[in-house]
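Listed below, chain by chain, are the residues.
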Amino acid sequence: MAAVRQTVEHVESLERYKHGFVTDIDQEFAPKGLNADIVRFISAKKNEPEWMLAWRLDAFERWLAMEEPDWAKVSFPRIDYQDSYYYAGHKTKAGPKSLDEIDPQILETYKKLGIPLREQEVLAGVEGAPRYAVDAVFDSVSVVTTFKKELAAVGVIFCSMSEAIREHPELVRRYLGSVVPVSDNYFACLNAAVFSDGSFVYVPPGVRCPMELSTYFRINAENSGQFERTLIIADKGAYVSYLEGCTAPMRDENQLHAAVVELVTLDDAEIKYSTVQNWYPGDPETGKGGIYNFVTKRADCRGDRSKVSWTQVETGSAITWKYPSCILRGDDSSGEFYSIAITNGRQQADTGTKMIHLGQRTRSRIISKGISAGKSSNTYRGLVSAHPKAKGARNFTQCDSLLIGKSCAAHTVPYIEARNGQVVFEHEATTTRLSEDQLFYVMQRGLSQEEAVQLLVNGFVKDVLQELPMEFAVEAQKLVAISLEGSVG
Amino acid sequence: MLSVKDLHAAVDGKEIIKGLTLDVPAGEVHAIMGPNGAGKSTLSYVLTGRDGYEVTAGSATLDGEDLLALAPDERAARGVFLSFQYPLEIPGVPALTFLRTALNAQKKARGEDEVAAPAFLKLAREKAAALKIDFEMLKRPLNVGFSGGEKKRMEILQMAVLSPRFLILDETDSGLDIDALKIVADGVNALRAPTRAMLVITHYQRLLDYIKPDRVHVLAGGRIVASGGPELAHELERDGYDKYARAA
């Protein structure tokens, strides 16, 4: 343990992964391994109603019959699903009523991470600064959700998934699994059986959510997986902007993060969903440790003229394997996907999006910027499809890859299907290497090598960064810089 | 100002500069002329510290300080500026952002205060106007989609904003029509000062009609093989480089 801590401190001092610390708190775990009893254990821990347990057990049965997929351009040793903990809760009184009842160690953790959990801390900020409400998920459990009262005043429900299951069963039963069906894929199915917590948002008709909502996921426990489930519903004419952030301690073993995110927009509604993913990427030299980020994210633009926009900045994880997607069901609905995926060291990423055009005159736009450095591998994989009824569908895809150094790889795998003759799909793709010429040119003007790389990379990802909410764009820009430290020379 | 002594430099193990000696005192403009392949561009890269240009012997100092021991950005901070023969495109980075980042990086390295946005904009506006550069163009990514002439003018603008002490112009006239050449030359001449020195590298005499050198050197076979006043440039224009190429 001392050695682990020493390593953690050492690497922290390098500032490469500054969220790698471990919080020492009293935790309780489900017994190691996975079986129907573990599923019952989790459900019981959360005081879930019978229907929820039945849903989980059904998912577990289906999962047992499924095979782990292997089509992605990533490689990793077989995961032993019995060698992990599926529930890690912290020992606090059931349902803390105020921050004072929460383990101070946990509060300290979020403070260290710069996440404001006290509403007055947010308010004490700069005059006129945008505010955002936070749902903080620590391992398997939601710690606290801020600004709930203020949001409730306009009818917005923002709470942990566990609470939503207890307090708003009618909404949960109507929408849960309606975008990502239980047996959609291996990891989503596993999630359905064992998901621990996550965030729930409902924005009623015509309401524009008065502040940014965000969830901050933190994996702390050893040998545990994180399986959160997020469900966001924007009712007719509603609007909400939501951001998730993630970090984890540095550990030598791999940890699985298999989340599911479901978004539903009804007529004229809009959801803007941003992700800044910075899970521990593993050791850059040996590739040891790091998070497997196998996540299913999907939006159902159910209503006419509804809109969903995914923006992701993916810098962490040993392996990233995910495709935030939009089902453009409503007529004139539109989907957007803006992505920056950075791999360095031994990281692997296979990420992209799916835009499924079902309704008429549906539009989608994809801007993907992949950056590979070190000995990493970075794949963009995307599907754009138009079904027979999707007359007048349009897509524009731009897919750029930047290579830094000589030992990394970039791949682009676009799938395009048009099943009617009245669609316009455009696809542009470029792959460039960060050139010695450019680097020298910038350095000759007075920038150090690291600063020169940052400037060039920031230029490369600019189209996507400007899609992020302002206060996070700055954060993301710093993150991009940190992720690429030491990538040249 | 600049003092180069018996400099030898190699690229990929092949010696290109073979014992070059050159002194450029403050306040003077020196031209380096020579046939293709003489090592003109190599000299500019060696002086600015480009990777892959290996100095095997000799020295180069700026006001007594060893240039060769410094990284490219450190040389830039000490006032060494190279106007590139082929300026690079920097996608996604507006020219203004690039300029301000460079200026502040240099100021920081010198321990000076960074320049605030309003003061910087004023400076950029002034210098752009003098070079007849549309200010709107500075909001576009640097050099992306710019014409050859625009790129060269952008180099001179950077020079004017960064205000270096030792300027190297590498084939600045190439690709310029006569009007653009005049604008660029005026820009360069405006920077002549008793505290500055310039090294103008060119293949043709044409540029030297506009930027009048104090001294002209002929570079051939990696060495200075002849030096003289401005009249040497005219002689080269008339007789070509043959006799020097043979001498080398």
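How each quantity is defined
- Residues numbered from 1 in each chain as written.
- Chains lettered and ligands numbered in written order.
- Predicted model: local features only at pLDDT ≥ 70, side-chain atom pairs only at ≥ 80, totals over all residues.
- Helix = DSSP H or I, 4+ residues; strand = E, 2+ residues; numbered from the N terminus.
- Contact = placed C-beta atoms within 7 Å.
- Rg over C-alpha atoms; globule rule 2.2 N^0.38 Å.
- Pairing = 2+ DSSP bridges.
- Nonpolar A, V, L, I, M, F, W, Y, C, P; charged D, E, K, R; others polar.
- Axes fitted to C-alpha atoms, helices over the stretch in contact; angles between N-to-C directions.
- Buried ≥ 20, exposed ≤ 12 C-beta atoms within 10 Å, placed from the backbone.
- Expected span 1.5 Å × (residues − 1).
- Bend = angle between axes of the 7 residues up to and from the residue.
- pLDDT = per-residue confidence, 0-100.
- Core = buried A, V, L, I, M, F, W, Y, C linked by C-beta atoms within 7 Å.
- Parallel < 35°, antiparallel > 145°, perpendicular 65-115°, else oblique.
- Left-handed = near helix turned anticlockwise from the far one by under 90°.

## Describing the overall build of chain A
Each helix and strand counted, chain A has twelve helices and 23 strands in total. Across chain A, contacts joining residues at least 24 apart in sequence account for 81% of those joining residues at least 6 apart.

## Some details on the overall build of chain B
When helices and strands are tallied, chain B shows eight helices and ten strands. Compactness check: chain B gives a C-alpha radius of gyration of 18 Å against a globular reference of 18 Å for 248 residues, within 12% of the reference. Its C-alpha atoms put chain B at 55 × 40 × 35 Å along the principal axes. A fraction of 72% describes how many contacts in chain B between residues 6 or more apart in sequence connect residues 24 or more apart.

## Some details on the sheet that holds strand E5 (residues 65–66) of chain B
Residue and element names in this part refer to chain B. With antiparallel pairing, the four strands of this open sheet are ordered in space as E2-E1-E4-E5. In the strand order of this sheet, the two ends are held by strand E2 (14–24) and E5, each with one partner. Of the strand pairs in this sheet, strand E1 (residues 2–11) and strand E4 (residues 53–62) are connected by eight bridges, and their pairing is antiparallel. Within the sheet, the bridge partner assigned to alanine 10 lies in E4 and is glutamate 54.

## Section: the interface of chain A and chain B
For interface size, the figure often reported is the accessible area lost on association. Contacts between the two partners involve 17 residues from chain A, matched on the other side by 21 residues from chain B. For the side of chain A that touches chain B, the secondary-structure elements that each account for two or more residues are helix H10 (436–444) and helix H11 (449–465) of chain A. Element by element, the count of residues in the side of chain A that touches chain B is highest for H10(A), at seven residues. Residues of the side of chain A that touches chain B, tallied by class, amount to seven nonpolar, five polar and five charged.

## Points about the sheet that holds strand E7 (residues 166–170) of chain B
Residue and element names in this part refer to chain B. Across the sheet, six strands lie side by side as E6-E7-E8-E3-E9-E10; this open sheet has mixed pairing. Among the strands making up the open sheet, the edge pair consists of strand E6 (80–83) and strand E10 (223–228). Ignoring which end each strand starts from, the neighbouring axes of this sheet average 20° apart. This element, helix H5 (residues 148–162), spans E6 and E7 of the sheet and lies at about 165° to E6.

## What about the pairing of strand E13 (residues 290–301) of chain A?
Residues and elements named next belong to chain A. Within E13, twelve of the twelve residues are buried, leaving the element largely enclosed by the surrounding structure. Across four bridges, strand E10 (residues 254–257) lies against E13 in parallel orientation. Each bridged residue has a counterpart across the sheet, and for histidine 257 the counterpart in E13 is asparagine 293. In this sheet, E13 lies alongside strand E11 (residues 260–265) in parallel orientation, the contact comprising six bridges. Pairing of valine 264 across the sheet is with aspartate 300, part of E13. As paired elements, E13 and strand E15 (residues 319–322) share four bridges and run parallel to each other. Across the sheet, phenylalanine 294 pairs through a bridge with tryptophan 321, a residue of E15.

## Notes on H11(A)
Residue and element names in this part refer to chain A. Between its first and last C-alpha atoms H11 spans 22 Å; for 17 residues at 1.5 Å apiece the expected length is 24 Å, and the two agree. Helix geometry: H11 is bent most strongly at glycine 459, by close to 40°. Of the residues making up H11, those classed as buried are Ala452, Val453, Gln454, Leu455, Leu456, Val457, Gly459, Phe460, Val461, Val464 and Leu465.

## Examining the confidence of the model for chain A
Residue and element names in this part refer to chain A. With 81% of its residues at a pLDDT of at least 70, chain A reaches an overall mean of 84. For chain A, helix H1 (residues 2–14) is the element with the lowest average pLDDT, namely 39, and strand E16 (residues 325–328) is the one with the highest, namely 98. Every residue in residues 1–15 scores below 50 in pLDDT, and together they form eleven contacts with partners more than four places removed in sequence or on other chains. Note that residues 120–129 has pLDDT below 50 and, in this model, three contacts with residues that lie over four places away or in other chains.

## Details of the nonpolar core
Judged by nonpolar contacts, the single largest core of 201 residues is most densely connected at Val201(A) and Val240(A). Per-element accounting of this core gives the leading share, nine residues, to H11(A).

## Re the packing of H5(B) against helix H6 (residues 178–190) of chain B
Residue and element names in this part refer to chain B. At a minimum axis separation of 10 Å, H5 and H6 run at an interaxial angle of 10°. Relative to H6, the element H5 is oriented roughly parallel. Along its contact with H5, which presents Gly149, Lys152, Arg153, Ile156 and Ala160, the element H6 presents Ala180, Ile183, Val184, Gly187 and Val188. Here the residues of the contact of H5 with H6 sort into six nonpolar, two polar and two charged.

## What to know about unusual backbone geometry
Even without being a glycine, Asp268(A) presents a positive backbone phi close to 60°. Look at Asp268(A) and you get buried, because 21 C-beta atoms sit within 10 Å.

## Topic: helix H9 (residues 186–194) of chain A
Residues and elements named next belong to chain A. Across the nine residues of H9, eight count as buried, placing the element largely inside the fold. Within H9 the residues assigned to the buried category are Phe187, Ala188, Cys189, Leu190, Asn191, Ala192, Ala193 and Val194. Where H9 is buried, its residues contact helix H2 (36–45), helix H3 (50–64), strand E8 (229–234), E11 and E13.

## What to know about the pairing of strand E9 (residues 215–220) of chain B
Residue and element names in this part refer to chain B. A large share of E9 lies buried, amounting to five of its six residues. Pairing of strand E3 (residues 29–33) with E9, which is carried by four bridges, proceeds in the parallel orientation. Opposite histidine 30, over in E9, you have arginine 215 as the bridge partner. Both E9 and E10 contribute to a ladder of five bridges, which runs antiparallel. Residue pairing in the sheet places leucine 219 in a bridge with isoleucine 224 of E10. As consecutive antiparallel partners, E9 and E10 are separated by two residues, and within that stretch glycine 221 has a phi angle of approximately 60°, a positive value.

## Topic: the environment of Asp37(A)
Relative to the helices and strands, Asp37(A) resides in helix H2. Taking C-alpha positions, Asp37(A) is 9.4 Å from Leu57(A), a pair spaced 20 residues apart along the chain.

## Comments concerning the environment of Val308(A)
Residues and elements named next belong to chain A. Secondary-structure assignment places valine 308 in strand E14 (residues 307–314). Distance from valine 308 to isoleucine 271, taken between C-alpha atoms, is 4.9 Å for residues 37 residues apart in sequence. Excluding residues within four positions of it along the chain, valine 308 makes contact with Leu263, Thr265, Ile271, Ala299, Cys301, Cys326 and Gly335.

## Points about the packing of helix H3 (residues 95–109) of chain B against H5(B)
Residue and element names in this part refer to chain B. Between H3 and H5, the least distance of the axes is 10 Å, while the angle of their chain directions is 35°. When the axes of H3 and H5 are compared, the crossing they make is right-handed. Residues Ala95, Leu99, Ala102, Leu103 and Gln106 of H3 form the contact with H5, whose own contacting residues are Met154, Gln158, Val161 and Leu162. Taken together, the residues of the contact of H3 with H5 break down into seven nonpolar, two polar and no charged.

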